[in-house]
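Residue-level listing of the chains:
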Amino acid sequence: MEERVRPSRSGLIAIELVIAVGVFALCAAVSMGLFVRSEIMSRESVELTRAVSEARSAAECYKAADGDLEETARLLETSLSEAGRLTLAYDKDWTRTEGQDPAFTLTIQETAGQAELKEAELTVIDGEGEELLFWTVAAMEGVS
Amino acid sequence: MKRGGSISGAVSLVMIFCVLCMAVFAALTMVTAQREHTLAVLTADRAQAYYEADRTAAETVAALERGERPQGVTLTGDTASFAVPAGGDTLLAVKVRLEDRGCTVEQWETVFAGEWEAAETIEVWGGAD
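Being a predicted model, the structure only gives us computed values, none of them experimental.

1. A word on the overall build of chain B
So, point 1. A tally of helices and strands in chain B yields one helix and four strands.
So, point 2. Mapped from its N terminus to its C terminus, chain B presents α and β elements in the order α-β-β-β-β.
So, point 3. In summary, chain B has a C-alpha radius of gyration of 30 Å against a globular reference of 14 Å for 129 residues, an excess of more than 25%.
So, point 4. Expressed along its principal axes, the backbone C-alpha trace of chain B runs to roughly 100 × 55 × 20 Å.
So, point 5. Looking at the 129 residues of chain B, the share that counts as buried comes to 16%.
So, point 6. Within chain B, counting contacts between residues at least 6 apart in sequence, those at least 24 apart form 34% of the total.

If you want it as structure tokens, here you go:
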């Protein structure tokens, strides 16, 4: 009997180790999944916060310029396109860029509002234009 | 056998410790990320609500300049005042002085409109008996 017990004990140890490694692997997989989700969520939060910050800054420039897009372009150090639209391009670190493939784009487009109001739509999208990060309308009274 | 058992126990203990650490760190990371995301969404919502209120206020001022008296506007002499909800417990309080040509903005600021209660839980010395 004792000779049969000895190998079974070492077998039990092996089983214990296998179970421990299995539990470790399972917990590691779950934890890694949580870490990855957290990383994605944090990146989205940073993108949203920066998008809001840039849009607010541009909106205040638009208001400071009394709704004049050319003056807004001068304040934002960019140029007005032929379509009467202001476009600011950013790289993945939210630094202004003139590159062809920006990671984020902020667009200011005047919209038709009430007769006495000047309104502009501010839109922040990601580089592929697939995701709208932030949208708002800046308006000011002053065309009287 | 004794030596093998103690090694196995030590390995298991280290493994349990590692698993616990990983689980705690993963949970803390997730909670922090969720709170950051909630804060970012709240900030975005507040910014959107502020600019919406700003637009509504601009429309109201334009209507006042046209000689109309929109709903919610209080006129005191030549001064008109009104407030627009700007998200959460904040209001965009506007006060304009009406003039012959146009008007002059005297106040255009967000104010807290929520209720608050003074803390009365700490006993403080109320002066000499």
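2. Let's talk about the pairing of strand β3 (residues 90–98) of chain B
Residues and elements named next belong to chain B.
So, point 1. Taken together, the seven bridges between strand β2 (residues 79–85) and β3 define a ladder with antiparallel strand orientation. Among the inter-strand pairings, Ser81 is bridged to a residue of β3, identified as Lys95.
So, point 2. The turn linking β2 back onto β3 is made up of four residues, and Gly87 within it adopts a positive phi angle of 95°.
So, point 3. The pairing of β3 with strand β4 (residues 103–112) spans nine bridges and is classified as antiparallel. Its bridge partner being in β4, Val96 is matched across the sheet by Val105.
So, point 4. Where β3 hands over to β4, the hairpin turn is made up of four residues, of which Gly102 adopts a positive phi near 80°.

3. Some points on the pairing of β2 of chain B
Residues and elements named next belong to chain B.
So, point 1. Residues Ala80, Phe82 and Val84 of β2 are buried on one face, while the alternating residues Thr79, Ser81, Ala83 and Pro85, pointing to the opposite face, are not.
So, point 2. Taken together, the three bridges between strand β1 (residues 74–76) and β2 define a ladder with antiparallel strand orientation. Its bridge partner lying in β2, Leu75 is registered against Ala80.
So, point 3. Between the end of β1 and the start of β2, which pair antiparallel, lie two residues, with Gly77 showing a positive phi angle near 65°.

4. Looking at the interface of chain A and chain B
So, point 1. Tallying the contact residues gives 35 residues for chain A and 33 residues for chain B.
So, point 2. Where the side of chain A that touches chain B is concerned, the elements lending two or more residues are α1 (2–64) and β4 (132–141) of chain A.
So, point 3. It is α1 of chain A that provides the largest number of residues to the side of chain A that touches chain B, a total of 24 residues.
So, point 4. Looking at side-chain class alone, the side of chain A that touches chain B contains 19 nonpolar, nine polar and seven charged residues.

The rules behind the values
- Residues numbered from 1 in each chain as written.
- Chains lettered and ligands numbered in written order.
- Predicted model: local features only at pLDDT ≥ 70, side-chain atom pairs only at ≥ 80, totals over all residues.
- Helix = DSSP H or I, 4+ residues; strand = E, 2+ residues; numbered from the N terminus.
- Rg over C-alpha atoms; globule rule 2.2 N^0.38 Å.
- Buried ≥ 20, exposed ≤ 12 C-beta atoms within 10 Å, placed from the backbone.
- Contact = placed C-beta atoms within 7 Å.
- Pairing = 2+ DSSP bridges.
- Nonpolar A, V, L, I, M, F, W, Y, C, P; charged D, E, K, R; others polar.

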